Structures are given as C-alpha cells and as structure tokens.
Amino acid sequence: MAQRARGVMIVTLAGLLLSCQPAGRTATTKPAPATLPNTPMTMESAKAASERAERERVPLPAAWKLSSEGSTVVAPDAMVASNSALASQAGVEVLRAGGNAVDAAVAVGFALAVTLPEAGNLGGGGYMIIRLSDGRSFALDYREVAPLAASRDMFLDSQGNVTDKSQVGHLASGVPGSVAGLTAALARYGTMPLAKVMAPAIRLADSGFTVDSALARSIAGNASRISPFAGAALFLPGGHPLTVGAMFRQPALATTLRSIAATGATAFYSGAIADAIAAEMERGGGIITKTDLARYAPAWHAPLAGTFRGYTLLAMPPSSSGGISVLETLNILEHFPASPAGSAMSYHLLAEAFRRAFVDRNTKLGDPAFVQVPVSQLTSKEYARQQASSIDVNRASSTGAFRQATGEGVNTTHYSVVDDHGNAVATTTTLNDLYGSGVYVADAGIFLNDEMDDFAARPGQPNMYGLVQGEQNAIAPGKRMLSAMSPTIVLDPKGDLLLVIGSRGGPRIITSVAQVILNVIDHHMSYGQAMSEPRIHHQAWPDVLHYEPNGLSAATVDSLRAMGHRIEVAPYESGGFIGRVILVGRVADGWEGVVDPRTSGGAAGY
Ligand code: GLY
C-alpha cells in the first residue's frame, strides 16, 4: 500500500443519516457487471468518484430513507471503523505510532469501554478474527462463561416459568472475558506494550470527553436499566441523564485501566478489580466469585474457512454460531444464480437459506467444549447442496417442520482494523443488552454483562418470549453461551484482503453480515450502498420474514406473500432497522471504512 502522508480523515455519525432516495426500485435494476466487486474509489480520484456514482445508481424503493452519502471514509494506508469516532481515532493513534492492526484493535477495544458504555466493555466478552499480511489467520474466543455455581434451571421460578433474572441484575452475568481476550491478542500478535495501546483509553477516562447526541440518547433511553444500580450516580447525576455537551469523566474506570496497563489481565482476574466484582456480586446476590474470575481463559482456534463464488471467508467458529450460519447461508445461495438486488426472488432465496441455517443453528450448536457440534457437516458444500435442493424457487417452505428459535440480546458492537502492511482484525464484543445487566461495579467503573440470557433457560420449551432454544445450549458451569457474533474477513478470488466486517444485532448479526457480503459480491455494489441497502431477516422461528420499514416495494411484498411467506415490517428497536454493520473494505488505492447509516460511529484512516 502506498505510503503517502495525509491527514487523518474522520466521519462521525451522531445518529442516523437520512436523506431521500428519489429513484423507485423497478424492473430496471441495473444488471450486475461481470467484473470483480471490490469498488475502486477514493476521495481524490475523479475516475473513482464517477465509478462510485455509477454503482450507486442501483435503484431503491421510493420511500427508502437511508443514504450512503457521508458515511464512508477512504484513506490510502490504514483504516479503523467502529461505533465510536473517538475509539477509531485511538486505533489510528496507535497505528501512527508504529503499531500493527492487533495493537490498534486492542486500543480500540479498551477505548470503546470508555466512549461506548452501552456496549464497549471490560465486563463482557467477544470474538476476534486476525489475518496477518503473511496469510496466517487466527480466531480468538473471549466469550463469557457461566459461573461455577450456575445451574441448568437457575432462571426458572417454582412453577417452571422463565424469569427475567437472566437479563437484569446480578445473576444475569457470565464471567467476563474481554480483558483476558484483548491482552491475549496483544501478547501473541501485537508489537507494543499494553500500557502504550491502553494510553488513549486511559486518557479518555481520565480527562473525559464531550457527551454527543448518540451517547446522551443512549443513556436517556436506557435510564430504567441503569437507575436501579450504582451506575446511576455517574450516568444519571441528580436523577437526570447526562446531556449533550457535558464533559464525561470516569475516574474509577481510569484507575481500573491504569491497573490493567501496569500488571496485565491479572489485575482484573485476581487483583483489586476481581475483589470489587466479587464484592458487588455478594452485595447483590450474584454468583460470580474470585475463583470464577481466576479460572477464566480465552480460547484460540483456527477460523472457519469457507468460500462463496470464489471468494474466501474467514469466520468465527463456535462458541459463536456466526461463522457456521453465515457460511451455511452463502453455501446454499451459491446453488442459485444471483437475482437482481431488491427482487422478490432474491429475498425469497435469502429467507429460505436463512431459515435452514437458523434451524441448524438453534438445534445443533453450543459450546464445543461441552457438546458435539457438527461443524464440518454444516459448513460443507455437499450439505449445502442438499439444503438448496429442498428449496422451491416458487414457494416458501415452513419452519413448522423444524423447531427452535433464538432470543439473544441485540446490542453488541463491532470494529474493523486494517494496517499499512495489510494485517487485519475483525472484532465483535458485547454486554448483550445495552448496559448489560445494569449492574455497575462502582469501585471498578464497569458495567457487567447479561450474557446468561444467551443460554437456553428452559431447553426445548418456550421462554418468556415464546421462543424455544436447544438442549445443546443449556446452562452448565464453565460453559460458554451460544452467540451470533460474526466477525468475518473476506478475501478476493486472488486471496487478497477485501473486507473486514461484522455487526451488532443479536441474531440479525448473521443475516446483516451475510446480506452486506452478498451486496458486494453478487450485486457489485459500492460499500456505501451495500451497507445502506434495505435488509430482511428470517430466523426460522417465528416463521416470519421481517423487512425494514419502506425497504421493500409494495409489489415485492405482494410477490413474497403470494409465494407463501408470512411477511411483516420488522418490529425491532430503533425504527425497525435490521443490524448495524461496520466494515473496512479494499478500494483501488487504499481502504474504505463504512459505518452503517443505521447507527452512530466513525471511521478514521490515513
Ligand atoms: N449477545 C448477543 C450475541 O452474542 O449474539
């Protein structure tokens, strides 16, 4: 990659970027060009700009409001994209100081714990895919585990009904993995001392930063989750949410970060921070002990490697379902020619592939340290051929013949990093729900996760939402709960790095990541349009095809209904939008960082 000196370019999206797209989606959808889909464009190149304009002319439904304009940043050498512009800048600061993509990713991870308290975290867990420029790749599982005192029926009341204790309060937390994961990644593949990559996070916690509209909205919108616990004093001072423009300092978190920077993960898992977490657990009737914390260890794996139309995907193996489900979906779709973007046929095939992948996900997947997971079968081309042959191109099938469902929290965060050597890191991390369980360890300045809700609280029977999850994902001490997180790296047919991608959104992570990849590979869209394109979601059960408000034309909805789909506008939070994707993609002379226009954040590069 050319080593040209340029200023750091940053785009901040404080909220949704909305603008009207006048074109209606019609039968005039531009046929897909035969060339490779990576979109050559830079801010500087007129030729690239005109190519970009050309690609963005794929028509959209008349009332679709999302625009890709303004949401992308292009730079020649390196790129970081996340749900926080400040965290992305922290990554760039470390890259500019000579760090590699792993150094920068660890810097972003710690910075997100400061600037994105709803989902960035020290008290949660996550997954990381690393691909080095020499072609080696690694998967790091730092998912939380159930405490040793956890038991299969711990969230059932005396009548056998599922309670809300897996979502709110002290019992909801798994043993956090983030600090162990980030420090393990740095130790193995980073180049800088921990204190150096943590410096931006410590500075942000110590000196503070200005509350923007996204953070103010987030705190106000989640006041009921925060207010019963100790975080209320900091986030709801005087009973009122922090407002835009306030200077937000987190001194306890700064002390925690300094102590991790000085002595590593030990500070968190057996030092004063462990004491504070265990004391908070005792106070609130939780079950995480110092023994649980001392035992926690992240797990290294080989990434799942699959192909789609000649492109290679490096994806997350279990305990996340993300990699298997994305690969199974794409393997099934490989048996059909790409239908025009936005056509009823494209959504029909997508929904049928998702249905099959989610049935497998919900019945066959769990923590491989505890249950047998048929990874090779589910990701094989032969299995996909069988699955594809069960799809009727004219009729929707029914999940009734299958079973199971999923109810993960939806409030994760993803970040992507590429450095100037072409090393790449895709990381997704979460507290599960926004602000996790709500429990805040005041002495350590951290929120704790409610990841126990990702287990099947009552295997084989409906939970409080009428959802049914599998025996494979039942609660057991020390077990990792199944996740949908899907950090993914895509290589082009020559084997060169193309996309570093992931999303927030619980089960919608899987469907969103798959759709953006399809938009790039099958529909040859610019990255901006691939991200702003309307999405659907199908997770097998409930047997409903959800679409974003105004995302499908009336004619497309009618056609899908006529095929037998139960089709409804998505009922999801934040206006029915599906997923919140972050990507970094290769362009003609550099890297493009794109934050989903459905969310806030920022990309930064140089
Ligand atoms: N907590 C959301 C997920 O792991 O998929």
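The text that follows walks through the structure, step by step, so that each part is easy to find. Remember, it's a predicted structure, so these values are computed and weren't measured experimentally.

### Some words on the nonpolar core
- Counting residues in hydrophobic clusters, the biggest one holds 88 residues, and the most contacted among them are Phe110, Leu122, Leu257 and Ile260.
- No other element matches helix H3 (residues 101–115), which puts 12 residues into this core.
- For Ile260, the residues in contact, after removing those within four places along its chain, are Phe110, Leu122, Val179, Leu194, Met198, Ala267, Phe268 and Ile273.
- Counting 85 residues, the second-largest nonpolar core is a separate cluster that includes Val74, Leu327, Ala426 and Ile536.

### A look at helix H17 (residues 507–521)
- Counted at 1.5 Å a residue, the expected span for H17 with its 15 residues is 21 Å, and the 22 Å between its end C-alpha atoms agrees.
- When you tally the buried positions in H17, you get 15 out of 15 residues, the bulk of the element.

### Side note on the site of the ligand
- Surveying the vicinity of the ligand reveals 10 residues, the closest of which are Asn432, Glu451, Asp454, Ser483 and Ala484.
- Within the side chain of Arg143, one N or O atom sits 3.0 Å away from an oxygen atom of the ligand.
- The separation between an oxygen atom of the ligand and a polar main-chain atom of Ala484 is 2.8 Å.
- Calculation on the ligand without its partners gives an accessible area of 200 Å², and the protein chains cover 100% of this total.
- Its residues placed into classes, the shell around the ligand shows 2 nonpolar, 4 polar and 4 charged.

### What to know about the environment of Glu93
- Its location among the elements puts Glu93 in helix H2 (residues 85–96).
- Along the sequence, Glu93 and Gly605 sit 512 residues apart, while their C-alpha atoms lie 9.8 Å from each other.
- Here Arg203 takes part through its side chain, which lies 2.7 Å from a polar atom of the side chain of Glu93.

### Focus on the packing of aromatic side chains
- Here the structure, examined in full by the defined rule, presents 12 aromatic pairs.
- Note on Tyr269 and Tyr296: the rings are 5.9 Å apart at their centroids and 15° apart in plane angle, and the pair reads as stacked. You can see Tyr269 sitting in helix H10 (residues 265–270) and its partner Tyr296 sitting in the loop between helix H12 (290–295) and strand S8 (299–301), a full 27 residues away along the chain. Each of the two residues, Tyr269 as well as Tyr296, counts as buried.
- Taken together, Phe209, Phe235, Phe248, Tyr435, Tyr440 and Phe447 form an aromatic cluster joined through their ring pairs.
- For the cation-ring pair, Arg96 lies above Tyr606, with the distance from its terminal atom to the ring centre recorded as 4.3 Å.

### Some remarks on the sheet that holds strand S10 (residues 311–315)
- The strand order S2-S21-S20-S16-S15-S10-S9 describes an open sheet built from 7 strands, whose pairing is antiparallel. The open sheet has two edge strands with one neighbour each: strand S2 (72–75) and strand S9 (304–308). Strand-to-strand twist in this sheet, taken as the mean axis angle between neighbours without regard to direction, amounts to 20°.
- Inspection of the sheet shows S10 paired to strand S15 (residues 488–491) by 3 bridges, in the antiparallel sense. The partner of Thr312 across the bridge, within S15, is Leu491.
- Packing of H17 onto the sheet brings it into contact with S9, S10, S15, strand S16 (497–504) and strand S20 (580–587), and relative to S16 it is tilted by some 150°.

### Considering the sheet that holds strand S19 (residues 567–569)
- As summarised here, the arrangement of the 3 strands in space is S17-S18-S19, forming an open sheet in which the pairing is mixed. Two strands close off the open sheet at either side, each with one partner strand: strand S17 (536–537) and S19.
- Where strand S18 (residues 545–547) lies against S19, 3 bridges are found, and the strand directions are parallel. Note that in S19 the partner of Tyr547 across the bridge is Val569.

### With respect to the pairing of strand S4 (residues 125–131)
- Of all 7 residues in S4, 7 are buried, a share of seventy percent or more.
- Here S4 shows no split at all, with Gly125, Tyr127, Ile129 and Arg131 on one side and Gly126, Met128 and Ile130 on the other all buried.
- Of the strand pairs in this sheet, S4 and strand S12 (residues 424–430) are connected by 7 bridges, and their pairing is antiparallel. Residue pairing across strands places Ile129 opposite Ala426, the latter belonging to S12.
- Note: S4 against strand S5 (residues 137–142), 6 bridges, orientation antiparallel. Among the inter-strand pairings, Met128 is bridged to a residue of S5, identified as Leu140.
- Connecting S4 to the next strand, S5, in antiparallel fashion are 5 residues, including Gly135 with a positive phi near 100°.

### A closer look at the pairing of strand S3 (residues 79–82)
- The alternating pattern of S3 places Met79 and Ala81 on one face and Val80 and Ser82 on the opposite face, and all of these are buried.
- Pairing analysis gives 3 bridges linking S3 to strand S11 (residues 412–418), with the strands arranged antiparallel. Bridging across to S11, Ala81 finds its partner in Ser416.
- The pairing of S3 with strand S22 (residues 601–605) spans 4 bridges and is classified as antiparallel. Looking at S22, one finds that Met79 is bridged to Gly605.

### Section: the pattern of salt bridges
- Counted under the stated rule, the structure contains 26 salt bridges.
- Close ionic contact of Arg203 with Glu93 constitutes a salt bridge, the shortest N to O distance being 2.7 Å. Here Arg203, found in helix H5 (residues 194–207), pairs with Glu93, found in helix H2; they are 110 residues apart in sequence, far enough to count as distant.
- With a relative accessible area of 41%, Arg203 lands in the partly exposed category.
- The partner of Lys290 in a salt bridge is Asp275, with the nearest N and O atoms 2.4 Å apart. Here Lys290, found in helix H12, pairs with Asp275, found in helix H11 (residues 272–284); they are 15 residues apart in sequence, far enough to count as distant.
- Take Asp275: its relative accessible area is 39%, and that puts it in the partly exposed class.

Quick notes on the rules
Residues numbered from 1 in each chain as written. Predicted model: local features only at pLDDT ≥ 70, side-chain atom pairs only at ≥ 80, totals over all residues. Heavy atoms only, no water. Core = buried A, V, L, I, M, F, W, Y, C linked by side-chain atoms within 4.5 Å. Buried < 20%, exposed > 50% of the residue type's maximum accessible area, 1.4 Å probe, protein only. Helix = DSSP H or I, 4+ residues; strand = E, 2+ residues; numbered from the N terminus. Contact = heavy atoms within 4.5 Å. Expected span 1.5 Å × (residues − 1). Near = heavy atom within 4 Å. Polar contact = N/O pair within 3.5 Å; in protein donor to acceptor, adjacent residues only side chain to side chain. Areas by Shrake-Rupley, 256 points an atom, 1.4 Å probe, with all protein chains shown as cover. Nonpolar A, V, L, I, M, F, W, Y, C, P; charged D, E, K, R; others polar. Phe/Tyr/Trp six-rings, centres within 6.5 Å; stacked < 30°, edge-to-face > 60°. Lys NZ or Arg CZ within 6 Å of the ring centre and 35° of its normal. Pairing = 2+ DSSP bridges. Axes fitted to C-alpha atoms, helices over the stretch in contact; angles between N-to-C directions. Salt bridge = Lys/Arg side-chain N within 4 Å of Asp/Glu carboxyl O.

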